[in-house]
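Close look at the chain arrangement
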Amino acid sequence: MVTVLLSIQQKYILEALRKLGCVRQDQLHALVRNKFQSLGLEIREVQMAAMLRQLRAGPGDFRLDSGFVYLACGQPDTARLEAIDVMLE
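Below: a short report on this structure. Everything numeric here is computed off the predicted structure, so don't read it as measured data. (Residues numbered from 1 in each chain as written. Predicted model: local features only at pLDDT ≥ 70, side-chain atom pairs only at ≥ 80, totals over all residues. Heavy atoms only, no water.)

Turning our eyes to something else, we now look at the overall build of the protein chain. Looking only at helices and strands, the protein chain features four helices and three strands. Taking the intrachain contacts of the protein chain between residues at least 6 apart in sequence as the baseline, contacts between residues at least 24 apart amount to 63%. Here the protein chain displays about 5900 Å² of accessible surface, and carbon together with sulfur accounts for 52% of that area. (Helix = DSSP H or I, 4+ residues; strand = E, 2+ residues; numbered from the N terminus. Contact = heavy atoms within 4.5 Å. Areas by Shrake-Rupley, 256 points an atom, 1.4 Å probe, with all protein chains shown as cover.)

Have a look at this one:
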């Protein structure tokens, strides 16, 4: 069994994916940035890319494909993606 240590931000990413299913990478970055900005942390694109790369390399059902981020059980849903855009506005 492999033990993976996740950052607080990576745990938040996985929790968001469990709730939302599938999001675009830019949507996920906005969600993470907004969440941690209130705590005084700035999440830049390069940091977000590194976190996603680490999650993809780890064991589990995390997927990153063509700009979409999802868990193996989730698939892109146009209506849900549009709803997330509205929420972010």
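Here we take up the pattern of salt bridges. Enumeration according to the criterion identifies two salt bridges in this entry. As a salt-bridge pair, Arg-18 and Glu-15 come within 3.6 Å of each other at their nearest N and O atoms. Of this pair, Arg-18 and Glu-15 are both found in helix 1 (residues 8-20), three residues apart, which corresponds to roughly one turn of the helix. Judged by relative accessible area, Arg-18 falls into the exposed class, the value being 54%. One salt bridge connects Asp-26 with Arg-24, and the closest N-O pair in it is separated by 3.1 Å. (Salt bridge = Lys/Arg side-chain N within 4 Å of Asp/Glu carboxyl O. Buried < 20%, exposed > 50% of the residue type's maximum accessible area, 1.4 Å probe, protein only.)

Another point: the sheet that holds strand 1 (residues 22-24). Working definition: the strands of a sheet are paired by backbone hydrogen bonds and lie parallel or antiparallel to each other. Here we have three strands laid out as an open sheet, ordered 1-3-2, and antiparallel in their pairing. Since the sheet does not close on itself, it has two edges, and those belong to strand 1 and strand 2 (62-65), each with one partner. The sheet shows a mean angle of 20 degrees between the axes of neighbouring strands, direction not considered. Bridge count for strand 2 against strand 3 (residues 68-71) is four bridges, and the pairing is antiparallel. Within strand 3, the residue paired with Arg-63 across the bridge is Tyr-70. (Pairing = 2+ DSSP bridges. Axes fitted to C-alpha atoms, helices over the stretch in contact; angles between N-to-C directions.)

Take unusual backbone geometry next. Positive phi values are uncommon outside glycine, yet Ser-66 reaches one of about 50 degrees. Summarising the element assignment, Ser-66 is placed in the loop between strand 2 and strand 3. With a relative accessible area of 68%, Ser-66 lands in the exposed category.

Scanning the model with the defined rule gives one aromatic pair in all. When the centroid spacing of 5.7 Å and the interplanar angle of 90 degrees are considered together, the rings of Tyr-12 and Phe-36 count as edge-to-face. With Tyr-12 in helix 1 and Phe-36 in helix 2 (residues 25-37), this pair connects stretches of sequence that are 24 residues apart. Accessibility expressed as a relative area gives 3% for Phe-36, which makes it buried. (Phe/Tyr/Trp six-rings, centres within 6.5 Å; stacked < 30°, edge-to-face > 60°.)

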